[in-house]
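The chain contents come next:
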Amino acid sequence: MDSVRSDRSVDGTALALKILVAGGFGVGKTTLVGSVSEIRPLRTEEQLSEAGQLVDDIDGVEKKTTTTVAMDFGRITIRSGLAVYLFGTPGQDRFWFLWDELATGALGAVVLADTRRLQDCFPAVDYFEHRSIPFLVAVNCFPGSRSYGPHEVARALDLDGGTPVVLCDARDKDSGKEVLIRLVEYAGRMHSARLLDPAEPDPVG
Amino acid sequence: MTLEPTSDTPPGSGHWYDAEAGPLVRPYAMTGGRTRPGPTSVAFDLIALIDVEEDALAQADDAALGYEHRQLIDMCRVETQTVAELAADADLPVGVVRVLLGDLLEMNVIRVSRPVPPAQLPDEKILREVIDGLRAL
């Protein structure tokens, strides 16, 4: 069927890029997306049958019942025909099944971390490392939290060498912009390296 | 039977259908109960770009278009839209928008541009543009 075409983006007419913002609950994902873009709530939903084995205790509920998950969604227009879309990943573990769709084709991801509970971002770090999705860790510097250097955070998270760690204030637009710029630079390097080395497995499997 | 989220569910009881999970919704009334797009089986990415095919639309069977179909078409006419934008702006769940777009695609009244995987970006110029654009925000 010819009605689905992909040539439009290649000729530069319209291009959409996707960046994920992940991290533990309450770490500032919504704040970051809101500080750099016009933020809107996005409702998505999954049928329970796809939501995994944790939800099998619902006898009597119709098979096609769905659960709604709210995500943060923001758009940054670079120019006409080129926009970056930010998606705040749902924080709770039970919504992990949504991540695969979000991660497919993503340019990269920001993993927000809070040094007072660094362990909250372990799952996100693992997720992106396993799928070879370029990501950086942005430490959201909350007032009153002890400050750690990027190297200390990288060591504590046992990051692969080269994964950037940046300090940021998610409330601050310039700081949020800088995080995204660092990510795009890093993702560009990672994606071109992968192009040069076709032996690398397909990152999205 | 009521499936509203229950506020009296004690925390940690193992119930997933609490306030945080959001409301449980009935099978999609406005899609005739369908939860998957039709036989074209297009997987609409959240950032797939949707344009209106005006010529085909002019010849389309008006009766086949519901209110929500028209709403989506009107939005895409103003400017190319992504699936996520359509869902957010029409205040519809993403799954509902996908089914409706599947209908429109079967009628050939929209054009869908799949997002380019980042690894296949034509050149670094695009990313340079993105970086410059971010700086200029």
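The written sequence of each chain sets the order in which its residues are numbered from 1. Whichever chain is written first becomes A and whichever ligand is written first becomes 1, with later ones labelled in order. Restriction of local features to residues with pLDDT of at least 70 applies here, the model being predicted, together with a cutoff of 80 or more for giving and counting side-chain atom pairs; totals for whole chains, interfaces and linings are based on all residues. In computing side-chain properties, one takes all heavy atoms of the structure into account and sets aside hydrogens as well as water.

As annotated in an unreviewed UniProt entry, chain B is DUF742 domain-containing protein from Streptomyces smaragdinus.

In the nomenclature of an unreviewed UniProt entry, chain A corresponds to ATP-binding protein from the organism Streptomyces smaragdinus.

(A) Broad picture of the overall build of chain A. A tally of helices and strands in chain A yields six helices and eight strands. Strands here mean DSSP runs of E at least two residues long; helices mean DSSP runs of H or I at least four residues long; both are numbered from the N terminus. Its helices and strands in sequence order give chain A the pattern β-α-β-α-β-β-β-α-β-α-β-α-β-α, from N to C terminus. Only protein chains enter the accessibility calculation, which uses a 1.4 Å probe; a residue whose area is less than 20% of its type maximum is buried, one above 50% is exposed, and one in between is partly exposed. Counting every position in chain A, which comprises 205 residues, the buried fraction comes to 52%. Contacts between residues were defined by any pair of non-hydrogen atoms, one from each residue, lying within 4.5 Å. Relative to all contacts within chain A whose residues are 6 or more apart in sequence, the contacts with residues 24 or more apart total 73%.

(B) Just helix H2 (residues 67-78) of chain B, in detail. Residue and element names in this part refer to chain B. Given the number of residues in a helix, its expected span is that number minus one, multiplied by 1.5 Å. Along its twelve residues, H2 runs 17 Å from first to last C-alpha, staying within 8% of the 16 Å computed at 1.5 Å per residue. Buried residues of H2: His69, Leu72, Ile73, Met75 and Cys76, and no others. Considered in projection along H2, the buried side chains sweep an arc of 160° and stay on one side of the axis. Residues of H2 that are exposed and point over 90 degrees away from its buried face: Tyr67 and Val78. Contacts made by the buried residues of H2 are with strand E2 (49-52), helix H1 (54-58), strand E3 (81-82), helix H3 (83-90) and helix H4 (94-106). The directions considered for the arc are those from the helix axis to the C-beta atoms.

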